[in-house]
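# Residue-level structure breakdown
Here are the chains, one letter per residue:
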Amino acid sequence: MADLSLITPIEYLKGVGPQKADVLKKELQIFTIGDLLQYYPFRYIDRTKFHKIRQLHPDLIGAQVLGRLIQLQEAGEKKAKRLVGIFKDDTGSMELVWFQSVQWLKKSLTVGSAYIIYGKPTEFNGQISITHPEIELYNNQEKKIGNMTMQPVYYSTEKLKKFNLDTKGIQRLQQTALEIVYKNIPETLPDYLLSKHGLIPYQKAILSIHFPQNVNELNAVIRRLKFEELFFIQLRLLRNKQLNTQKYKGHRFDKVGEKFNTFFNSRLPFPLTKAQKRVVREIRIDTNTGAQMNRLVQGDVGSGKTVVALMSMLLAVDNGYQACMMAPTEILATQHYNGLKELLGKNLCTIKLLTGSTTTKERRIIHQELEEGTLDILIGTHALIEDKVKFKNIGFVVIDEQHRFGVEQRAKLWRKNTIPPHMLVMTATPIPRTLAMTLYGDLDISIIDELPAGRKPIKTVHFFENQRLRVFGFMREEITKGRQVYIVYPLIKESEKMDLLNLEAGLESLQKEFPLPNYKISIVHGKMPVKDKDFEMQRFVKGETQIMVATTVIEVGVNVPNASVMVIENSERFGLSQLHQLRGRVGRGAEQSFCILMSGNKLSKEGRRRLETMVQTNDGFEIAEVDLELRGPGDISGTQQSGVLDMKIADLAKDQQILAEARNSVIEIFSQDPTLQAPENQILVNYLNQRSPAILWDKIS
Ligand code: ADP
Ligand code: MG
């Protein structure tokens, strides 16, 4: 056979063939031998550890037992047909149950022989059993590849299993592949990095990740592969950032002009926080370098990101440019527009709103004013990125709640001027450091880590269903003081019907507890016509109703400083970041605000942790870290569409330290060799060229 290498198509591997190749491609995106070798086990069974039957209990994830098969019988009829074995050691006996491959197992297993079994114990009527255990003749041990003590387990699917590609089948392929290409596996990292970070060579790592000899070796291998994965992600991100500044000139805002100063000195109704000042300064410096700015502003709910955006836009206007700000929903865009217009006051600059519901006539006027340059600032929704919207000279773009926009939409705004405008993106809630470094690693990051002075931290308490009367009593007290109350119900697509019933039942009891004419209630949910929704919201905003019952539609956009109580029903069903966002709806005025988390008595471990976290802290950054830990990076809002997070081995929730190490080493490399010219860095250039990244900046140039 000709020389095979990592880039050889998978069908050329012995034992694969066209059909297996097809499922491997479809199910696991394995196209080449290299892809196969990078398909790592997701866990390992420690084959050195044995349990006695008496020690087995259903909380074990898996257990390995050495014993003797003393009986084997078929039981049940038709669909319930199964093979039941009795397995015994010197401490007791248990059942082994198989529903599949019954005939084959009957033929191949021998009653009376010693076996090693592995599987997850379950308990039924006090009897321990394992369903579909892995089973292997005891004296067959030495035949195992390399006498492994850590046995890899690969994720497989039903389809793969039909082609014998279960964990064992995949392992066999790995072995065949390694036997053939092992000597052709090249190193991916420069030697100096290996020695500096104590990393084992790639070739060795790839062999051992599939066939580890012991735990210590495995740990070293995993560290090496994690480092490499994170290192190359960072290398790509930071190289892109660097190319950006080299490739794109930026509009230079070299003066702080009249509008900025007038606003700052005589219109701004409050002193800026230190953090706000710092971020405004960072933006001023950035926009005066002659390079294009790409900056992410992270700040908690209520930390005052909007005014920072406004001042940046004024800076653009002062320097003869236009600016725009894009928000994900119409409610939010409208609220920004109204708020900013009021903050700006009269005669400072022109500002308009463009959304899906802007009339054709008004739209035409806006288009014209933008092209003529008489409109300074445009606020809007996705409507902003339409091709019809052309600016005379856009110099600054703000994207609020970045996570709701895809990369492509960001790119469209870039193209609105021959020299791309400066970009400021703002997140709705903080995201953890490791995520920010990965998702936005090509941006500069500013953090507003301080709330405006005088805000009282929101008091959060957790109540169970049976304490509801106390909650009603508390609501009544607050309403008597003139405050308003939100009550939020979960509404989740999968259980929408049940949720709506819940909402209705809740509403009914509320109407009894808080009867007309003393109390008035607004109701808002996603199924209502927009007109009715607006009407109900407005009644609450104007203070005509004291209670607002809602599904999560209020998560974004409502700003009622007089509302001081947020009651969240079935709070255990909300994610942490959602809870934090909801809580952020109160605490906007001068009064002490409260967040009441209602839940059933039965809480999952995770649910309890979420509620405890909410009670313990108001800090969005802290909450984001716990959220990441609980849910993993793929489930954090807004990360789904990002391919960067599809990692093979690294885990952003756990590998903070390796990530920091990898990122720092990339930064150091670029500081010493900005264009990667050094001979020892050619290995990196090759790697980057081979695996072309799908990254925005490259696509649009
Ligand atoms: P977010 O960061 O969540 O977008 P906003 O920009 O909407 O927060 O600000 C929340 C509220 O705080 C607004 O009503 C805003 O006017 C007010 N605000 C912003 N900065 C300050 C400040 N430095 N002092 C007092 N109030 C402020
Ligand atoms: Mg905001």
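Residues numbered from 1 in each chain as written. Chains lettered and ligands numbered in written order. Predicted model: local features only at pLDDT ≥ 70, side-chain atom pairs only at ≥ 80, totals over all residues. Heavy atoms only, no water.

## Topic: the sheet that holds strand β17 (residues 459–464)
Across the sheet, which stays open at both edges, the six strands sit in the order β17-β22-β21-β18-β20-β19 with parallel pairing between neighbours. Taken across any chain shown, the strands that pair with only one partner, and hence form the sheet edges, are β17 and β19 (521–524). Across the sheet, the mean angle from the axis of one strand to that of its neighbour is 20°, orientation sign disregarded. Of the pairings in the sheet, the one linking strand β18 (residues 484–488) to strand β20 (residues 547–550) comprises four bridges and is parallel in character. Opposite tyrosine 486, over in β20, you have methionine 548 as the bridge partner. Each of β17, β18, β20, β21 (563–568) and β22 (594–599) is contacted by helix α16 (residues 468–480), which is oriented at about 160° to β22, the strand it contacts most. Against the sheet, helix α18 (residues 530–541) touches β18, β19, β20 and β21, its axis set at about 145° to β19. (Pairing = 2+ DSSP bridges. Helix = DSSP H or I, 4+ residues; strand = E, 2+ residues; numbered from the N terminus. Axes fitted to C-alpha atoms, helices over the stretch in contact; angles between N-to-C directions. Contact = heavy atoms within 4.5 Å.)

## Some words on the packing of aromatic side chains
Each aromatic ring pair is described using two quantities: the centre-to-centre distance and the angle formed by the ring planes. Here the structure, examined in full by the defined rule, presents 10 aromatic pairs. With 5.3 Å between their ring centres and 85° between their planes, phenylalanine 231 and phenylalanine 232 make a pair best called edge-to-face. By the burial criterion, phenylalanine 231 is buried, and phenylalanine 232 matches it. Taken together, a centroid distance of 5.2 Å and an interplanar angle of 40° make the contact between phenylalanine 253 and tyrosine 321 tilted. Of the two residues, phenylalanine 253 is situated in the loop between α8 (215–247) and α9 (258–267) and tyrosine 321 in the loop between α11 (305–318) and β11 (322–326); the sequence distance between them amounts to 68 residues. (Phe/Tyr/Trp six-rings, centres within 6.5 Å; stacked < 30°, edge-to-face > 60°. Buried < 20%, exposed > 50% of the residue type's maximum accessible area, 1.4 Å probe, protein only.)

## Details of a positive patch on the surface
A grouping of Lys274, Lys277, Arg281 and Arg284 is seen on the molecular surface, where their side chains present a positively charged patch. Counting through the fold element by element, lysine 277 comes out in helix α10 (residues 274–286). (Patch = residues over 30% accessible without salt bridge, like charges linked within 9 Å, V, L, I, M, F, W, Y side chains within 5 Å. Areas by Shrake-Rupley, 256 points an atom, 1.4 Å probe, with all protein chains shown as cover. Salt bridge = Lys/Arg side-chain N within 4 Å of Asp/Glu carboxyl O. Lys, Arg positive; Asp, Glu negative; His and termini not counted. Charge placed at Lys NZ, Arg CZ, Asp CG, Glu CD.)

## Here's the deal with the domain arrangement of the protein
Here the domain parsing of the protein yields domain 1 (49–148), domain 2 (186–247), domain 3 (258–448) and domain 4 (459–631). Inter-centroid distance (C-alpha atoms) of domain 1 to domain 3 is 64 Å. (Domains from an automatic or database assignment.)

## Concerning the nonpolar core
Core analysis: the largest hydrophobic core is formed by 56 residues, its most contacted members being Leu189, Leu230, Phe231, Leu235, Cys324, Leu378 and Leu413. Taken together, domain 2 (186–247) and domain 3 (258–448) each give at least three residues to this core, which thus spans both. Dropping the residues within four chain positions of it, phenylalanine 231 is found in contact with Leu189, Leu193, Ala662, Ser665, Val666, Ile669 and Leu684. Residues Val307, Ala327, Ile351 and Leu353 belong to the second largest nonpolar core, which totals 42 residues. (Core = buried A, V, L, I, M, F, W, Y, C linked by side-chain atoms within 4.5 Å.)

## With respect to the site of ligand 1
By nearness alone, 14 residues border ligand 1, and Pro271, Gln276, Gly302, Thr306 and Arg455 come closest of all. Within the side chain of glutamine 276, one N or O atom sits 2.8 Å away from a nitrogen atom of ligand 1. Between an oxygen atom of ligand 1 and a main-chain N or O atom of glycine 304, the distance comes to 3.1 Å. When ligand 1 is considered free in solution it has 560 Å² of accessible area, and contact with the protein chains removes 74% of it. By residue class, the composition of the shell around ligand 1 is five nonpolar, six polar and three charged. (Near = heavy atom within 4 Å. Polar contact = N/O pair within 3.5 Å; in protein donor to acceptor, adjacent residues only side chain to side chain. Nonpolar A, V, L, I, M, F, W, Y, C, P; charged D, E, K, R; others polar.)

## Considering the pairing of strand β12 (residues 351–354)
Pairing between β12 and strand β13 (residues 377–380): four bridges, direction parallel. Residue pairing across strands places isoleucine 351 opposite isoleucine 377, the latter belonging to β13.

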